[in-house]
Amino acid sequence: MTEKKLKLGIPKGSLQESTVRLFKKAGYNIFVKDRSYFPTIDDEEIECMLIRAQEISRYVENGILDAGLTGKDWITENSSDVVEVSNLVYAKQGLGKVKWVLAAPEDGNIKSVKDLKGKRIATEAVNLTKNYLKKNGVEAIVEFSWGATEAKPPKLADAIVEITETGSSLRANKLKIIDVIMESTTRLIANKQSWKDSWKKKKIEIISMLLQGAINAEQKVGLMMNVERKNLNKLLKLLPALQKPTISELSDKSWVAVNTVIDESLVRDLIPKLKESGAAGIVEYPLNKIIL
């Protein structure tokens, strides 16, 4: 066993499953046991801890963790002084941002932030909410919510500040979005002293590169095919690519192989057009990482 260890915080809760899946695509297998907060990983230089995303930035800041994954929202909420290594745009339900929104009952009288004067607001992000109110010159009562925040208006709160990806939970509770307070994405962060350690910095940078590569590959596939040279230009006009398609010689000099990367959503419509343009032996294959 190596003596060098990087202490890495993995977010427990809503981001846990998508984070473990992302690490797998990046080449790291994380094994989470029931009721254990110390997952194993197939890299002896990394020691994982499962911690709520809300707390990870504090533990990274004070050096209990060397690095971790958490939302920009919780870094801001905790005013954590950490190194933001990379912006990893993924969330619970896919690739994208989450939003912290001000919401109130659909049939209520709250139409804007100005209507919150003297009102009661429930939220898990108390500091974010207080700063938002201060910026808008509004005094209101902000209460910490331990959960089920959407169910609190109108009896337990006049409005809420809550995180959402799709807004479906808000709509289900007959709440309307009054304003978007902030958008947030997952960040790989590092402790400032750990970042000054050359070995730890290099290790974190490698993890960052591979995670970003896995995200780049999401919703993309590779396509390879053969085509006669006389049909090549016609076929290339159909192909979007990250840079340019790779064209390789074949043993039959009148044919070439073409390899490219495209959005998976385009494949269904593109393959018939490629076939009509003279492509043969078309193979679609999944991608784990794209390192730019």
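Right above here is the structure, for reference.
Residues numbered from 1 in each chain as written. Predicted model: local features only at pLDDT ≥ 70, side-chain atom pairs only at ≥ 80, totals over all residues. Heavy atoms only, no water.

Q: Is there a simple way to think about the nonpolar core in this case?
A: Proteins that are soluble and globular tend to have nonpolar side chains buried together. In this structure, Leu8, Ile10, Phe23, Tyr28, Leu69, Ile207 and Leu211 are the most contacted members of the largest nonpolar core, which totals 27 residues. Put simply, the parts of the chain that give this core at least two residues each are β1 (6-12), α1 (16-26), β4 (46-52), β5 (67-71), β6 (83-88), β12 (186-190) and α7 (198-217). Looking at this core element by element, the count peaks at 6 residues for α7. For leucine 69, the contacting residues outside a window of four places in its chain are Leu8, Gly9, Ile10, Pro11, Phe23, Ile56, Leu88, Tyr90, Thr186, Arg187, Leu188 and Leu211. (Core = buried A, V, L, I, M, F, W, Y, C linked by side-chain atoms within 4.5 Å. Buried < 20%, exposed > 50% of the residue type's maximum accessible area, 1.4 Å probe, protein only. Helix = DSSP H or I, 4+ residues; strand = E, 2+ residues; numbered from the N terminus. Contact = heavy atoms within 4.5 Å.)

Q: For this particular structure, what's the right way to read the pattern of salt bridges?
A: Pairing between side chains of opposite charge can happen when their charged atoms approach one another. Applying the stated criterion across every chain yields a total of 14 salt bridges. A salt bridge links glutamate 84 to lysine 72, with the nearest nitrogen and oxygen atoms 2.7 Å apart. Remark: lysine 72 occurs in helix α3 (residues 72-77) and glutamate 84 occurs in strand β6; sequence separation between them is 12 residues. Put simply, lysine 220 and aspartate 263 hold a salt bridge, and the shortest N to O gap is 2.5 Å. With lysine 220 in strand β13 (residues 220-228) and aspartate 263 in strand β15 (residues 255-263), this residue pair connects regions lying 43 residues apart in the sequence. (Salt bridge = Lys/Arg side-chain N within 4 Å of Asp/Glu carboxyl O.)

Q: Explanation requested: the layout of surface pockets in the structure shown.
A: A probe matching the size of a water molecule, rolled over the atoms, marks out where space remains unfilled. Roughly 980 Å³ of internal volume is contained in the largest pocket. For the largest pocket, the lining is made up of 42 residues, of which Ser14, Gln54, Trp74, Glu124 and Ile163 are closest to its centre. Elements with a minimum of two residues in the lining of the largest pocket: α2 (53-61), α3, β7 (98-105), β10 (159-164) and α5 (168-172). Sorting elements by how many residues they give to the lining of the largest pocket places α2 first, with 4 residues. Grouping the amino acids of the lining of the largest pocket by side-chain chemistry returns 12 nonpolar, 19 polar and 11 charged. (1 Å grid on protein atoms, 1.4 Å probe; cavity = no way out; pocket = protein on both sides within 12 Å on 5 of 7 lines; lining within 4 Å. Points joined across faces, edges and corners; volume = space filled by probe spheres on them. Nonpolar A, V, L, I, M, F, W, Y, C, P; charged D, E, K, R; others polar.)

Q: Looking at this structure, I do not really get the pairing of β5. What am I missing?
A: The side chains of a regular strand alternate, residue by residue, between the two faces of the sheet. The element β5 is extensively covered by neighbouring structure, given that 5 of its 5 residues are classed as buried. Because side chains alternate across β5, one face comprises the buried residues Ala67, Leu69 and Gly71, and the other comprises Gly68 and Thr70, equally buried. Bridge analysis of β1 against β5 gives 2 bridges, and the strand direction is parallel. Bridge pairing in β5 links leucine 8 to alanine 67. (Pairing = 2+ DSSP bridges.)

Q: Please explain helix α9 (residues 264-276) as it appears in this structure.
A: One turn of the α-helix equals 3.6 residues, which is why residues spaced by three or four share an orientation. Its maximal kink placed at leucine 270, α9 deviates by approximately 45°, while the proline proline 272 follows within four residues. Among the residues of α9, those classed as buried are Val267, Leu270 and Leu274. Where the residues of α9 are buried, they touch β13, α8 (232-236), β15 and β16 (280-286). Two residues or fewer past α9, glycine 278 is found with a positive phi of approximately 105°. (Bend = angle between axes of the 7 residues up to and from the residue.)

Q: For this particular structure, what's the right way to read the sheet that holds β12?
A: Either a parallel or an antiparallel arrangement is found when strands of a sheet pair, and the pairing is made through backbone hydrogen bonds. One open sheet holds the 5 strands; their spatial order is β4-β1-β5-β12-β6, and the pairing between them is mixed. Because the sheet does not close on itself, it has two edges, and the strands there are β4 and β6. Geometrically, the sheet is characterised by an average inter-axis angle of 30° between neighbouring strands, direction not taken into account. Of the strand pairs in this sheet, β6 and β12 are connected by 5 bridges, and their pairing is antiparallel. Among the inter-strand pairings, serine 86 is bridged to a residue of β12, identified as leucine 188. Against the sheet, α1 engages β1, β4 and β5, with an angle of about 135° to β1. Across the face of the sheet, α7 comes into contact with β1, β4, β5, β6 and β12 while running at roughly 15° to β6. (Axes fitted to C-alpha atoms, helices over the stretch in contact; angles between N-to-C directions.)

Q: Mind showing me how you'd approach the sheet that holds strand β14 (residues 246-249) here?
A: A sheet is described by the order of its strands in space; here 4 strands give the open sequence β14-β15-β13-β16, paired in antiparallel fashion. The two strands at the open ends of the sheet, each matched to only one other strand, are β14 and β16. Neighbouring strand axes in the sheet, compared pairwise and without regard to direction, differ in orientation by 20° on average. Bridge count between β13 and β15: 9 bridges; the pairing is antiparallel. Across the sheet, residue methionine 224 finds its bridge partner in β15, namely asparagine 259.

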